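Breakdown of the fold
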Amino acid sequence: MQTDFLVIGSGIAGLTYALKVARECPDKKVTIFTKTTSDETNTKYAQGGVAGVWDNENDSFEKHIEDTLIAGDGLCNEQAVEIVVKEGVDRIWELIDLGARFDKGQDGDYLLGREGGHSEYRILHYKDVTGREMERALLNAIALQPNIEVITHCFVVDIITQHHLGYLVTKSTPDIECFGVYVLNLHTKKIEKVLAGITLLATGGNGQVYRTTTNPVIATGDGVAMVYRAKGRIENMEFIQFHPTALYEHGVKGQAFLITEAVRGDGGILRNSDGEAFMERYDVRKDLAPRDIVARAIDSEMKRTGDEHVWLDCRHMSQERFLQHFPNIHQKCLSVGVDVSKNMIPVAPAAHYSCGGIKADEWARTSIRHLYAAGECASTGLHGANRLASNSLLEAMVFAHRAFIDSIKETPAHALSKWNKNCIPDWRAEGTTAPKEMILITQSLKELQLLMSDYVGIVRTNTRLARAMRRLDLLHEETENLYKTTEISPQLCQLRNMITVGYLIVKSAQFRHESRGLHFNTDYPGKSELVQNIVL
Ligand code: FAD
Ligand code: SIN
């Protein structure tokens, strides 16, 4: 198969890019691969909303920039921050033009929410299902675009570079090029070679590396692992954001239901089991301090009391307003026996967002030619050491747009013209056999998630990181053996990718001899004078 523009991922980043290139280049073919259904993405679960400067009386670009820099704790790329804040509002207008709805007040003005770390009300939202609404608008527009093909249930295994033509490719190879991908077609069960002029990775986050996460099962860090294998650059993987308030359900592991920070923005108060509003002891901004501070405070309260969760108290809030703004949360809470007007909501932190990822420049270009990255899988420098709430949907749209602007400058055939495309080999599956025990993959996955949660969570130490690395080494060895000898499946590929992502998180954490933003190591409690990104 051959295509002009290849997009891996059908979340906000992939869809935004695909729509723009397809409209601009109607004679070119745009192909989107997604590993399950087209709407199963992190984007679909985004609740709080999308940040932007709308209230020109009280808010300003400067304030949004300042809040983003403060949250990023000294590690943001200021150029990236300025780009996202200043260009973001136009991207949101484009989405509104596509039909995306955001809540408005009686006066017809957009209602603005507030979340942790924001000094102003600036978050556009559609009830508590903002991501779903944004994705709906994009998918509808894409369905009407004749030169886009969305191919679901296709698992991209690896990107193709000159390594596949028999050339030695190392981290120091200056011009690594991407020619497309190998993809496991889950309908045919065959691995196909797909050649492309331009490839965009929009593969999302990696929350599934942890035992409890707000991310759906697709969030396994595949794009990051693929780029690392292809010898591209990966950055700042130690900065994993734990959302302070995922719904705690006894015995439930895996994807946890999110209680959006907007609930605290509307007045929700965190309490410990003594009923104390404990955030007052931790930060002057109390419940609306940036996420790293709130998550660490909850972790500390849970460790001190031995409880498995704290409480989010919404009983004093207007219930009519709660129901209007948070109908989905209201419904979910009722389904687990929590009536928010009478009961407090049990909440605990859960892995939520990867601030680092595939190193990408201001045009979303990666270190590999013809390969772009946008959305959660990319590290653009916007988030630094900690992401400001509701900045990621914005970032995804801005950098998908920039990837579009930059990539249409190149003739899409370019990636293949210099090379004889017939020389790129088909996938070789000889010597592999059907897996005898799929359960081995499940067991290794559980081990991985447990070790990452126990040793590489909110609070880290050198000893814990070293323990994690030793266990990862063993899992890596066993999984590579399985990979070499077994017919591949998405489960096996995802396990392999998640072990790589786990390794990248631990290695980056070990390199950072300080505590900054989301990375807190009790052996290095202070900040280093040397402010640097960790690039692997
Ligand atoms: P995703 O939307 O995750 O899409 C990834 C796509 O890649 C999927 O289609 C997947 O199938 C595909 N894919 C991955 N690997 C492969 C592969 N190997 N082969 C083929 N396809 C593959 N951010 C905000 O700004 N505001 C919010 O209110 C907000 N709330 C959130 C609430 C929750 C519960 C969660 C989980 C996240 C939230 N975020 C929020 C973060 C934000 O939703 C994500 O960062 C953003 O949606 C990521 O978009 P994306 O396009 O990069 O990736
Ligand atoms: C939330 O709604 O609390 C999540 C917002 C975000 O992750 O940006």
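Quick summary incoming for the structure in this document. Keep in mind that this is a model prediction, so the values were computed, not measured.

Calculation criteria
- Residues numbered from 1 in each chain as written.
- Chains lettered and ligands numbered in written order.
- Predicted model: local features only at pLDDT ≥ 70, side-chain atom pairs only at ≥ 80, totals over all residues.
- Heavy atoms only, no water.
- Helix = DSSP H or I, 4+ residues; strand = E, 2+ residues; numbered from the N terminus.
- Rg over C-alpha atoms; globule rule 2.2 N^0.38 Å.
- Buried < 20%, exposed > 50% of the residue type's maximum accessible area, 1.4 Å probe, protein only.
- Contact = heavy atoms within 4.5 Å.
- Areas by Shrake-Rupley, 256 points an atom, 1.4 Å probe, with all protein chains shown as cover.
- Salt bridge = Lys/Arg side-chain N within 4 Å of Asp/Glu carboxyl O.
- Phe/Tyr/Trp six-rings, centres within 6.5 Å; stacked < 30°, edge-to-face > 60°.
- Lys NZ or Arg CZ within 6 Å of the ring centre and 35° of its normal.
- Pairing = 2+ DSSP bridges.
- Axes fitted to C-alpha atoms, helices over the stretch in contact; angles between N-to-C directions.
- Near = heavy atom within 4 Å.
- Polar contact = N/O pair within 3.5 Å; in protein donor to acceptor, adjacent residues only side chain to side chain.
- Nonpolar A, V, L, I, M, F, W, Y, C, P; charged D, E, K, R; others polar.
- 1 Å grid on protein atoms, 1.4 Å probe; cavity = no way out; pocket = protein on both sides within 12 Å on 5 of 7 lines; lining within 4 Å.
- Points joined across faces, edges and corners; volume = space filled by probe spheres on them.
- Core = buried A, V, L, I, M, F, W, Y, C linked by side-chain atoms within 4.5 Å.

Within the protein chain, the secondary structure is distributed over 15 helices and 18 strands. For the protein chain, whose C-alpha radius of gyration is 22 Å, the value lies close to the compact-globule estimate of 24 Å for 536 residues. In terms of its C-alpha atoms, the protein chain occupies a principal-axis envelope of roughly 65 × 55 × 50 Å. Across the 536 residues in the protein chain, those meeting the buried criterion constitute 59%. The long-range share in the protein chain, meaning contacts at least 24 apart out of those at least 6 apart in sequence, stands at 75%. As displayed, the protein chain has an accessible area near 21200 Å², and 50% of this comes from carbon and sulfur atoms.

So, about the pattern of salt bridges. This model, assessed by the stated rule, comprises 39 salt bridges. A salt bridge links Lys35 to Asp222; its shortest N-O distance comes to 2.8 Å. Remark: Asp222 occurs in helix H6 (residues 222-229) and Lys35 occurs in the loop between strand S2 (30-33) and helix H2 (42-45); sequence separation between them is 187 residues. There is no split in this pair, since Lys35 and Asp222 are both buried. A salt bridge links Lys44 to Glu40; the shortest N-O distance between them is 2.9 Å. Shared partners join several salt bridges into a network, and the residues in it are Glu115, Glu261, Arg264 and Arg291.

Each aromatic ring pair is characterised by the separation of its centres together with the angle its planes make. Counting across every chain of the model gives ten aromatic pairs. Site record: aromatic cluster; members linked through ring pairs are Trp54, Trp93, Phe102 and Tyr110. Between Arg402 and the ring centre of Trp363, over which it is positioned, the NZ or CZ distance is 4.2 Å. Over the ring of Tyr483 we find Arg496; its NZ or CZ atom is 3.6 Å from the centre of that ring.

Here we come to unusual backbone geometry. Where the residue is not glycine, phi is negative for most of them; where a peptide bond is considered, it is trans in most cases. With phi around 55°, His153 is a residue other than glycine that occupies positive phi space. With respect to the helices, strands and loops of the structure, His153 is situated in the loop between strand S5 (148-151) and strand S6 (154-160). According to the relative accessible area criterion, His153 is partly exposed, its value standing at 28%. Not every positive phi belongs to a glycine, and Lys286 is a case in point at roughly 50°. Position of Lys286 relative to the elements: it lies in the loop between strand S13 (269-271) and helix H8 (291-305).

In spatial order, the strands read S10-S16-S18; together these three strands make up an open sheet with mixed pairing. Sheet topology places strand S10 (234-235) and strand S18 (378-379) at the edges, where each strand pairs with a single neighbour. Relative to strand S16 (residues 357-359), S10 is paired through two bridges, and the arrangement is antiparallel. Bridge pairing links Ile234 to Ile358 in S16. Its contacts with the sheet put H6 on S10 and S16, and the angle it makes with S16 is roughly 45°.

Further remarks concern the site of ligand 1. Neighbouring ligand 1 are 39 residues, the closest being Thr43, Gly49, Asp222, Glu376 and Ser392. A distance of 2.5 Å is found between an oxygen atom of ligand 1 and a side-chain nitrogen or oxygen belonging to Thr43. A distance of 3.4 Å separates an oxygen atom of ligand 1 from a polar atom in the backbone of Ala202. The protein chains hide 98% of the 1000 Å² of surface that ligand 1 would expose on its own. Broken down by secondary-structure element, the contributors of at least two residues to the shell around ligand 1 are helix H1 (12-24), H2, S6, H6, strand S15 (345-354) and helix H11 (392-407). Looking at the shell around ligand 1 residue by residue, the classes come out as 15 nonpolar, 19 polar and five charged.

Before going further, it helps to examine the pairing of S6. Judged by how many residues are buried, S6 sits mostly within the fold: seven of seven residues are covered. Pairing of S6 with strand S7 (residues 180-185), which is carried by six bridges, proceeds in the antiparallel orientation. Paired with Cys154 across the bridge in S7 is Asn185.

Take empty space enclosed by the protein next. The final tally for this structure, using the stated rule, is one cavity of 30 Å³ or more. Within this model, the largest cavity holds a volume of roughly 60 Å³. Considering the residues around the largest cavity, the lining is formed by Ile240, Phe242, Arg291, Asp292, Ala295, Arg296, Ile458 and Leu518. For the lining of the largest cavity, the elements supplying multiple residues, two or more each, are strand S11 (240-247) and H8.

Next up on the list: the side chain of Thr260. Relative to the assigned elements, Thr260 resides in the loop between strand S12 (254-255) and helix H7 (262-265). According to the relative accessible area criterion, Thr260 is buried, its value standing at 4%. A polar atom in the side chain of Thr260 sits 3.0 Å from the backbone nitrogen of Ala262. If sequence neighbours within four positions are ignored, Thr260 has contacts with Gln47, Gly48, Glu115, Phe326 and Ile329.

A word on the site of ligand 2. Taken together, Gln47, Gly48, Glu115, His243, Leu258, Thr260, Glu261, Arg291, His352, Arg387, Ala389 and Ser390 make up the full set of residues near ligand 2. Within the backbone of Gly48, a nitrogen or oxygen atom sits 2.9 Å from an oxygen atom of ligand 2. Considering ligand 2 on its own, with 260 Å² of exposed area, one finds that the protein chains cover 93% of that surface. Along the lines of polarity and charge, the residues of the shell around ligand 2 split into two nonpolar, six polar and four charged.

So, about the nonpolar core. Grouped together as the largest cluster of nonpolar side chains are 70 residues, with contacts concentrated most on Phe33, Val181, Tyr210, Met452, Val456 and Ile505. Looking at which element gives the most residues to this core, the answer is helix H15 (residues 490-511), with ten residues. In contact with Tyr210, other than residues within four places in its own chain, are Ile240, Phe242, Ala351, Gln449, Met452, Ser453, Val456, Gly457, Arg460 and Ile505. Counting residues in hydrophobic clusters, the runner-up holds 53 residues, among them Ala100, Met134, Ala141 and Leu394.

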